[in-house]
Structure formats: structure tokens, C-alpha cells
Amino acid sequence: MAAARRDTRGIVDPAELLTRVRFRRPEPAPPLRPYIEHYWLIDWDLTEPYVSHVVPHPAVHIVFQRLAGEDAFVEVAGIPHGLFAQKLEGRGRVCGIKFRPGAFRTVAVAPERPVSEWTGLRVRQPEVFPDTDPAVVLDPADESVRVAALDAFLLSLDPRPDPQAELATALVDRIRTDRTIRRVTDFAHAEGLSVRLLQRLFAAYVGVGPKWVILRYRIHEALERAGAEEPVDWAGLAAELGYADQAHLVRDFTATVGVTPTAYAQSAQGAAGGR
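Residues numbered from 1 in each chain as written. Predicted model: local features only at pLDDT ≥ 70, side-chain atom pairs only at ≥ 80, totals over all residues. Heavy atoms only, no water.

1. Structural notes on helix α6 (residues 195-205)
Convention followed: Relative accessibility under 20% of the residue-type maximum defines a buried residue, over 50% an exposed one, and the middle range a partly exposed one, all with a 1.4 Å probe and only protein chains included. Strands are runs of DSSP state E lasting at least 2 residues, helices are runs of H or I lasting at least 4, and numbering of each runs from the N terminus. In this description, the arc belongs to the directions extending from the helix axis to the C-beta atoms.
Along α6, the residues that are buried comprise Leu-198, Leu-201, Phe-202, Ala-204 and Tyr-205. End-on view of α6: buried residues confined to an arc of 165°, all on one side of the axis. Turned more than 90 degrees from where α6 packs its buried face, Arg-196 and Arg-200 sit exposed. Where α6 ends, the next residue or the one after it, Gly-207, has phi of about 110°, a positive value.

2. Re the sheet that holds strand β4 (residues 61-66)
The criterion, for reference: If DSSP finds at least two bridges between two strands, the strands pair. Only the stretch in contact is used when a helix axis is fitted, and all axes are lines through C-alpha atoms; the angle between N-to-C directions ranges over 0 to 180 degrees. Residues are treated as being in contact if the distance between any of their heavy atoms lies within 4.5 Å.
If you trace the 6 strands from one edge of the open sheet to the other, you get β1-β2-β7-β4-β5-β8, paired in antiparallel fashion. Sheet topology places β1 (21-24) and β8 (122-124) at the edges, where each strand pairs with a single neighbour. The mean inter-strand angle of the sheet, taken between neighbouring strand axes irrespective of direction, is 20°. Here 4 bridges tie β1 to strand β2 (residues 36-45), and the two strands are oriented antiparallel to one another. Bridge pairing in β2 links Val-21 to Trp-44. Sitting on the sheet, helix α3 (residues 143-156) is in contact with β1, β2, β4 and β7 (91-99), with an inclination near 135° to β2.

3. Some remarks on the packing of helix α7 (residues 210-227) against helix α9 (residues 246-257)
Keep this limit in mind: Should an angle fall under 35 degrees it is called roughly parallel, over 145 degrees roughly antiparallel, and 65 to 115 degrees roughly perpendicular, with every other angle called oblique. Note on residue classes: Ala, Val, Leu, Ile, Met, Phe, Trp, Tyr, Cys and Pro are nonpolar, Asp, Glu, Lys and Arg are charged, and everything else, Gly too, is polar.
Interaxial distance between α7 and α9 falls to 10 Å at its minimum, and their mutual angle equals 90°. The pairing of α7 with α9 is recorded here as roughly perpendicular in orientation. The segment α7 lies against α9, with Leu-215, Arg-216, Ile-219, Ala-222, Leu-223 and Ala-226 engaging Leu-249, Asp-252, Phe-253, Thr-256 and Val-257. Per-class residue counts for the contact of α7 with α9 are 8 nonpolar, 1 polar and 2 charged.

4. Some thoughts on the pattern of salt bridges
Threshold: Think of a salt bridge as a Lys or Arg side-chain nitrogen and an Asp or Glu carboxyl oxygen that are within 4 Å of each other.
Evaluation of the coordinates by the stated rule reveals 23 salt bridges. Across the pair Arg-9 and Glu-221 runs a salt bridge, and its minimum N-O distance is 3.0 Å. Note that Arg-9 is positioned in the segment before α1 (14-18) and Glu-221 in helix α7, a separation of 212 residues in sequence. Residue class for Arg-9 comes out partly exposed when judged on its relative accessible area of 27%. Taking the relative accessible area as the measure of exposure, Glu-221 reaches 11% and is therefore buried. Arg-179 is paired through a salt bridge with Glu-221; the nearest N and O atoms lie 3.3 Å apart. In this pair, Arg-179 is assigned in the loop between α4 (163-177) and α5 (184-190) and Glu-221 in helix α7, connecting sequence segments 42 residues apart. Using a relative accessible area of 26% as the deciding quantity, one classes Arg-179 as partly exposed. Where salt bridges share partners, they join Arg-9, Arg-179, Glu-221, Glu-224, Arg-225 and Glu-240 into one cluster.

5. Comments concerning the nonpolar core
Defined as follows: Each nonpolar core is a collection of buried residues, namely Ala, Val, Leu, Ile, Met, Phe, Trp, Tyr and Cys, held together in the definition by side-chain atoms within 4.5 Å.
Among the nonpolar cores identified, the biggest contains 31 residues, and Ile-62, Phe-64, Ile-97, Phe-104 and Leu-154 are the most heavily contacted of them. Within the residue set of this core, elements represented by two or more residues are β2, β4, β5 (73-77), β7, α2 (135-138) and α3. By residue number, the principal contributor to this core is α3, which donates 5 residues. When neighbours within four sequence positions are excluded, Phe-104 is seen to be in contact with Val-60, Ile-62, Val-76, Phe-99, Val-109, Val-115 and Trp-118. In this structure, Ala-168, Val-172, Phe-202 and Tyr-205 belong to the second largest nonpolar core, which totals 22 residues.

6. Points about the confidence of the model for the chain
The condition is simple: How sure the predictor is of each residue is captured by pLDDT, a score from 0 to 100.
With 95% of its residues at a pLDDT of at least 70, the chain reaches an overall mean of 91. When the criterion is pLDDT under 50, residues 1-5 qualifies, and its contacts beyond four places in sequence or with other chains add up to 15 contacts.

7. A word on the packing of aromatic side chains
Note the threshold: Stacked, edge-to-face and tilted labels apply to pairs of Phe, Tyr and Trp rings (six-membered ring for Trp) whose centres lie within 6.5 Å, assigned for plane angles under 30 degrees, over 60, and everything in between, in that order.
This model, assessed by the stated rule, comprises 5 aromatic pairs. Ring geometry for Phe-64 and Phe-153: centres 5.1 Å apart, planes at 85°, overall edge-to-face. Here the residue Phe-64 occupies a position in strand β4, and Phe-153 occupies one in helix α3, the gap between them amounting to 89 residues. Residue Phe-64 is classed as buried on the basis of its relative accessible area of 0%.

8. Focus on the pairing of β7
The element β7 is largely enclosed, with a buried count of 8 among its 9 residues. Two strands pair when backbone bridges link them, and β2 and β7 are joined in this way by 9 bridges, in the antiparallel orientation. Directly across from Trp-40, in β7, lies its bridge partner Gly-96. One ladder, built from 6 bridges, connects β4 with β7; its direction is antiparallel. Residue pairing in the sheet places His-61 in a bridge with Lys-98 of β7.

Structure, rendered in C-alpha cells:
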């Protein structure tokens, strides 16, 4: 099994979360890597409830879950509209599949359905995967067996290359890695697309619009900087991320995360100092 990665980008206060859960991100089998970014495995055994928060990525997930007091189930989790919150209590286990942006329609779930129709939804069995036994994924004590079960589940869905999906994935990755991309109009023209065509492609394959993606990756970067130990030059970071000024960064960060960047930084650094 490939080594798990510890990238926690998007998690609000990841250090706090990692004191309460075992969290790993193993890779899928090689044939699945064009479609799947990684798996994510979480186990916990808590004496007190804890609520985790995540600033969502532009990605759809399939999630196998065993939560305290509930039967095991599997669900499709579309991209949340806002901050994602999940209450963890007692003993539980989650085995999640994170699709690459644009790749969800390559599996035989509902390939004719625009991904935007899943946005904001969490759809459980039996509405999805009625014949899938989640225990096959969740029960094994050996983590490598769980990963192999996720591989087998996905391969049974028969993912197939789709040029439009590949284009959508490439465009989202360009936004993620290129900080000079700041306006949808400029980005569309640079890619030889009309704004309307770009928006239609994102609705059909990603689930959210290109403007949402640009903003979300800005907030992920700001969240990472705010959670670091080094002081943050907020005006400089705002300029680096393409904001007109610091006030616009503060507005977007606060609307997404629920607190101002400086308040988040003080809380995260204070918690780190306490540990």
C-alpha cells in the first residue's frame, strides 16, 4: 500500500483534529489515479463529542461510514455550499474516496447527471449503491485490506476516460497551482473558451463554477498561512492572492470560515502553544 500523505489543506485547525482522530490519506491503485485524488481514512474513540470543520475542495466524495449509534452506510457527498461540519462522538470509522475535480462522472453512478445536481447534497443508501455492503470496506482491522476493498469497489464501477472530464480536471488544477489566475473572463480567454462554455463545463463536470474554485483555493491558502507559526502579512497575502485589498480577503475568509483571519491565527497558534 502506498504511503499515506499528511496534507491537511482545507481542514480548520488540523492540529486539533489530529489529537482526536487517526487520519491517513493513502493512494488508490494505479489504474484509479487519473480519477481519484486519494482515499481518506479516519478512526476515533472519543470520550467527548468533537465537531470537525472543513473548507471544502471542489471535489465529490463517496464515503463509507460507521458512526456511533448508527448502522454502517455509504453515501455520495456533493460539494458543500459552505463550511462542512461533522460531529464525531463515541467510536467510529470513515473510509472516504476523494475524486479529482471533474472526474466523478467517469464512474457509473449517474454519468448523465450534471455534477452540479449533486452540489450541496449528501445522498445515502439505498438511494445510491443499494447493493453495496459497507461492512466489506469498514470491518477489516488491516488498513491495507480496507484500501484494497475501496479499490475493488471503484473498479466495479468501471471508470472510463472522458475527454471533457479530463479537460475539467486540468482546468481546476491550473487554478489551484497558478496564483495569477484571478478573473474568470481572463482565464476563459487564455484557455480559448468562452465564459459561457467554461461555466457550462464546470457545472457539468465539477459541480461549482470557476469563480467559486478561484475563491476557494485563495481561502485554502489563507487558511494555511493563518495556521502557521510565522506572523502573516495580511496585506501582502491579499495582494499575492489577487485581492484588491486586505479588506476583501478578510471579508471572504470570515464569510467562509466563520471568524476573521487574525482571530483564527490567534486561536490556532494559541492551541499549538498549549500542546
